[in-house]
Amino acid sequence: MKQELFAWWDENARDLPWRFGRTTPWGILISEVMSQQTQMSRVVRYWTDWMDVWPDAASLAKASTAEVITAWGRLGYPRRALRLQECAKVVAEQYHNELPKTYDELVALPGIGDYTASAVMSFAFGRRIAVLDTNVRRVLWRTFKGEESFGGATKPAERELANAVLPQDAKESVTWNEALIELGALVCTAKNPKIDEDPWAAHSRFYAAGCPHMGEKRTRPRQSFKGTNRQVRGIVLNALRALSSAGSGDKAVSLSRDDVEKLWGDHIQLDQCIASLDEDGLIEIGPNGSLHLPR
């Protein structure tokens, strides 16, 4: 099965700019954080622009918060950008601008969880460690257990399986992790797996059983975006990003209260979202209700 997976990877791996040894460990960490809950096709441009401006932790640590939030653009979940800058400051100050090379040190960094720490250990440092995201868990559980993976937090049984089938050779384990992530993203998908293209189709207990309960119990309930607080928060941030991009120098560019109220008709919901953005440290509220990005 290993050779079949590796052959598929060689033929089908997407040529992403942070793959195949073309970036630094810091660049890999940035790509992993940006890719969380975001389509890969959207990440490439943002990652490239980001790395051009801030190629290492020290340069990101020195950026203004407004610059960081503006550069994050429409990647979503903008608090990730703030946590990345917090991480950059720790790496620059405590690790001499080099990512630490142990799992425990990585997972202790601001905003870095198990998946990202494991991905950096594997893809940046070539260590033998299972990298478990939703795609990997789905591929392994379906193939070896013949059952649907219902998402949620990683279960002990899923980690045990991942560790059991991980190749012993460190170099092969890296390819294994990369290939499984890609296979889950492109072929063994949640609802419409491309069985004819799956290199493990002949071995899959899940396919053999007729794909029982496929796609049930999504990791998160599907929610409408239109009209939600998330949409309103995005509208406010996008308006401030546009102002910041058009401005110059260190002076914060503010959006007046009158202009703020034009962004969304329901002013009660608007004020709730503004309060939450302020609490998250993504905006600052000025005199008379004006808004600007943090300096």
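Residues numbered from 1 in each chain as written. Predicted model: local features only at pLDDT ≥ 70, side-chain atom pairs only at ≥ 80, totals over all residues. Heavy atoms only, no water.

Some thoughts on helix H10 (residues 156-165)
Part 1 of the reasoning: Taken as a whole, H10 has its buried residues at Glu-158, Leu-161 and Ala-162. The buried residues of H10 occupy an angular sector of 100° when the element is viewed end-on, so they sit on one face. Turned more than 90 degrees from where H10 packs its buried face, Pro-156, Glu-160 and Ala-164 sit exposed.
Part 2 of the reasoning: Buried residues in H10 make contact with helix H9 (134-145). (Buried < 20%, exposed > 50% of the residue type's maximum accessible area, 1.4 Å probe, protein only. Helix = DSSP H or I, 4+ residues; strand = E, 2+ residues; numbered from the N terminus. Arc of directions from axis to C-beta. Contact = heavy atoms within 4.5 Å.)

Digging into the pattern of salt bridges
Part 1 of the reasoning: The final tally for this structure, using the stated rule, is 11 salt bridges.
Part 2 of the reasoning: The residue Arg-257 makes a salt bridge to Glu-261 at a minimum N-O spacing of 2.9 Å. Taken as a pair, Arg-257 and Glu-261 lie in helix H14 (residues 257-261) at a separation of four residues, close to a single helical turn.
Part 3 of the reasoning: You can call Glu-261 partly exposed: its relative accessible area is 28%.
Part 4 of the reasoning: Asp-259 is the salt-bridge partner of Lys-262, the closest N and O atoms lying 3.6 Å from each other.
Part 5 of the reasoning: The class of Lys-262 is exposed, set by a relative accessible area of 67%.
Part 6 of the reasoning: Linked through salt bridges whose partners overlap, the residues forming this network are Arg-14, Arg-19 and Glu-182. (Salt bridge = Lys/Arg side-chain N within 4 Å of Asp/Glu carboxyl O.)

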